[in-house]
Amino acid sequence: MPSVRTRTESLVAIATGAASPDNALMNAPFRPNSPELTDAFRRRISYLRLSVTDRCDLRCVYCMAEDMTFLPRQQVLTLEELARIARVFVSLGVEKIRLTGGEPLVRKNLSWLANEISGLPGLRELALTTNGMRLATMAADLKQAGVQRLNISIDSLRAERFREITRVGDLSAVLAGLKAAQEAGFQRTKINSVILRGRNDDEVLELVDFARQQHCDISFIEEMPLGEISEHDRAAVFVSSDELRERIEEKFQLLPSTESTGGPSRYYRFADSDSRVGFISPHSHNFCASCNRVRVTVEGRLLLCLGNEDSLDLRHLMREEGADDEALRAAIIAAMQLKPERHHFDLQERPQIVRFMNMTGG
Ligand code: SAM
Ligand code: SF4
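If you're wondering where the values come from, they're calculated on a predicted model, not measured in any experiment.

Draft legend 1. Quick look at the overall build of the protein. Along the backbone of the protein there are 11 helices and 14 strands. For the protein, the residues scored as buried account for 58% of the 362 residues in total. Within the protein, contacts between residues separated by at least 24 positions form 73% of all contacts whose residues are at least 6 apart in sequence. On the protein, roughly 15500 Å² of surface is accessible, and the fraction owed to carbon and sulfur atoms is 47%.

Rendered as structure tokens:
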């Protein structure tokens, strides 16, 4: 298989007209004048997850190693570059952008970026995923800047356990953040919980109860093998979404729902509550067939798939090649042909994806 660099170079060459799309990869329809992004499997790409930092104030055991080296400042996209990328994607038909990281709230002047993006004509939703640690002081500003929806990660409602899973987190700060978000007017906030056997799988019903009390949705996420961690064996702590659903159904009646928030969650409703429970099941229920997403890392790598390393180096195009918006658009359209049909995660093998989730942009 050609290296990432070779593919990237060929994409740049195609985008700039220096080469024609003549290898097998490029045989899929190439539509430089299309206002929409479509991949080789006819999936329309309408959702961008934009990572604004690789840094974080927590060290969740499934996401990061204890000792992390973060990117030097010059490798990180400026806020202006991030805003430009968002603008170019929206001009290509992207309707939803999620700001993520790392922890997005540790990025200085995040509200400026949110404000720039939320005003883009054609964008239907600006969302943000956060660990909530700094939300108490930032929720009102983010709302004011046009962020419409929040996902807050809470893996445990027990302070000591919360600290163990996040290594340094303070549950009370996160709960204060959720309260501030509600007071600032955020609605349908979603709680994300990664469930690990023997660690927090006994809390699933409590987490569901909590989400219902708070009028939040909740999604349970199967752990993904992104980056090599030492704290636990990912295969040994794996709990499937089906097992969780069965446990929840012992207490609550779940009604299957066809609703989607445009992400990978499969949702269920409760008969007696406005909350929904979702399952993000990269292992047990592959969601690739309906994938409408791509990611841009804070280094400016356009990643076509969570479980695959093919990428396009947007930072290089912007900084070294001096690409104008038209050239960026052409390169992005061409890069869609790199999107694989599906991801392949295997918990028994060493992770094939060496980047951690904080680098990927969750
Ligand atoms: N720092 C923010 C947070 O924690 O919400 C945003 C970034 S974080 C990478 C986004 C989501 O990815 C979180 O809900 C987190 O629990 C989840 N996540 C991180 N590492 C994961 C892994 N290896 N498998 C599955 N989910 C993971
Ligand atoms: Fe930080 Fe989010 Fe990763 Fe936890 S999951 S270490 S909060 S980036």
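Having seen the model, we can carry on.
Draft legend 2. A look at the pairing of strand S7 (residues 190-194). Most of S7 sits out of view: five of its five residues are buried. Side chains of S7 alternate between two faces, with Lys190, Asn192 and Val194 and Ile191 and Ser193 buried alike. Where S7 meets strand S8 (residues 217-221), five bridges bridge the pair, whose relative direction is parallel. Paired with Ile191 across the two strands is Ile218, which belongs to S8. Taken together, S7, helix H7 (residues 204-213) and S8 form a β-α-β motif whose crossover is right-handed.

Draft legend 3. Examining the packing of aromatic side chains more closely. With the rule as written, the count across this model stands at three aromatic pairs. Where Tyr268 meets Phe279, the ring centres are 5.7 Å apart and the plane angle is 75 degrees; that geometry is what we call edge-to-face. With Tyr268 in strand S10 (residues 266-270) and Phe279 in strand S11 (residues 276-280), this residue pair connects regions lying 11 residues apart in the sequence. Among the residues examined, Tyr268 registers a relative accessible area of 12% and is labelled buried. One aromatic cluster is present, formed by Phe220, Tyr268 and Phe279 through successive ring pairs. When the ring centre of Tyr47 is taken as reference, the NZ or CZ atom of Lys96 above it lies at 4.7 Å. The ring of Phe186 has Lys143 sitting right over it, with the charged end atom 5.3 Å from the ring centre.

Draft legend 4. Summary view of the pattern of salt bridges. Considering all chains together, one arrives at 27 salt bridges under this definition. Among the ionic pairs, Arg134 bridges to Asp57, the shortest N-O distance being 3.0 Å. Taken as a pair, Arg134 in the loop between strand S5 (125-130) and helix H4 (135-144) and Asp57 in the loop between strand S3 (47-51) and helix H2 (79-91) lie far apart in primary sequence, 77 residues in all. By relative accessible area, Arg134 is classed as partly exposed at 38%. For Asp57, a relative accessible area of 21% corresponds to the partly exposed category. The partner of Glu206 in a salt bridge is Arg158, with the nearest N and O atoms 2.8 Å apart. Remark: Arg158 occurs in the loop between strand S6 (149-153) and helix H5 (159-166) and Glu206 occurs in helix H7; sequence separation between them is 48 residues. Exposure remark for Glu206: the relative accessible area of 36% places this residue in the partly exposed category. Under the relative-accessibility criterion, Arg158 is labelled partly exposed at 32%.

Draft legend 5. Region of interest: helix H10 (residues 325-335). Of all 11 residues in H10, nine are buried; the element is thus mostly enclosed. Buried residues of H10: Asp325, Leu328, Arg329, Ala330, Ala331, Ile332, Ile333, Ala334 and Ala335, and no others.

Draft legend 6. How the structure looks around the site of ligand 2. Residues in contact with ligand 2, as listed here, are Cys56, Leu58, Arg59, Cys60, Cys63, Met64, Gly102 and Asn131. Of the residues assigned to the shell around ligand 2, the class counts are five nonpolar, two polar and one charged.

Draft legend 7. Region of interest: the packing of H4 against helix H6 (residues 171-183). For the pair H4 and H6, the least separation of the axes is 7 Å and the interaxial angle reads 20 degrees. One finds that H4 runs roughly parallel with respect to H6. Considering the relative orientation of H4 and H6, their crossing is right-handed. Contact residues: Leu135, Ala136 and Ala139 in H4; Ala176, Gly177, Leu178, Ala180 and Ala181 in H6. Here the residues of the contact of H4 with H6 are counted per class, giving seven nonpolar, one polar and no charged.

Draft legend 8. Structural view of the packing of H7 against helix H8 (residues 241-249). Where H7 meets H8, the axes come as close as 10 Å, and the angle between the chain directions of the two elements is 65 degrees. Between H7 and H8, the angle is such that the two are roughly perpendicular. The handedness of the crossing between H7 and H8 is right-handed. Facing Val204, Leu205 and Val208 of H7, the residues of H8 in contact are Leu244, Arg247 and Ile248. When its residues are assigned to classes, the contact of H7 with H8 shows five nonpolar, no polar and one charged.

About the cut-offs
Residues numbered from 1 in each chain as written. Chains lettered and ligands numbered in written order. Predicted model: local features only at pLDDT ≥ 70, side-chain atom pairs only at ≥ 80, totals over all residues. Heavy atoms only, no water. Helix = DSSP H or I, 4+ residues; strand = E, 2+ residues; numbered from the N terminus. Buried < 20%, exposed > 50% of the residue type's maximum accessible area, 1.4 Å probe, protein only. Contact = heavy atoms within 4.5 Å. Areas by Shrake-Rupley, 256 points an atom, 1.4 Å probe, with all protein chains shown as cover. Pairing = 2+ DSSP bridges. Right-handed = clockwise from strand over helix to strand, strands pointing away. Phe/Tyr/Trp six-rings, centres within 6.5 Å; stacked < 30°, edge-to-face > 60°. Lys NZ or Arg CZ within 6 Å of the ring centre and 35° of its normal. Salt bridge = Lys/Arg side-chain N within 4 Å of Asp/Glu carboxyl O. Near = heavy atom within 4 Å. Nonpolar A, V, L, I, M, F, W, Y, C, P; charged D, E, K, R; others polar. Axes fitted to C-alpha atoms, helices over the stretch in contact; angles between N-to-C directions. Parallel < 35°, antiparallel > 145°, perpendicular 65-115°, else oblique. Left-handed = near helix turned anticlockwise from the far one by under 90°.

Fair warning: the whole summary comes from geometry, so function is off the table for now.
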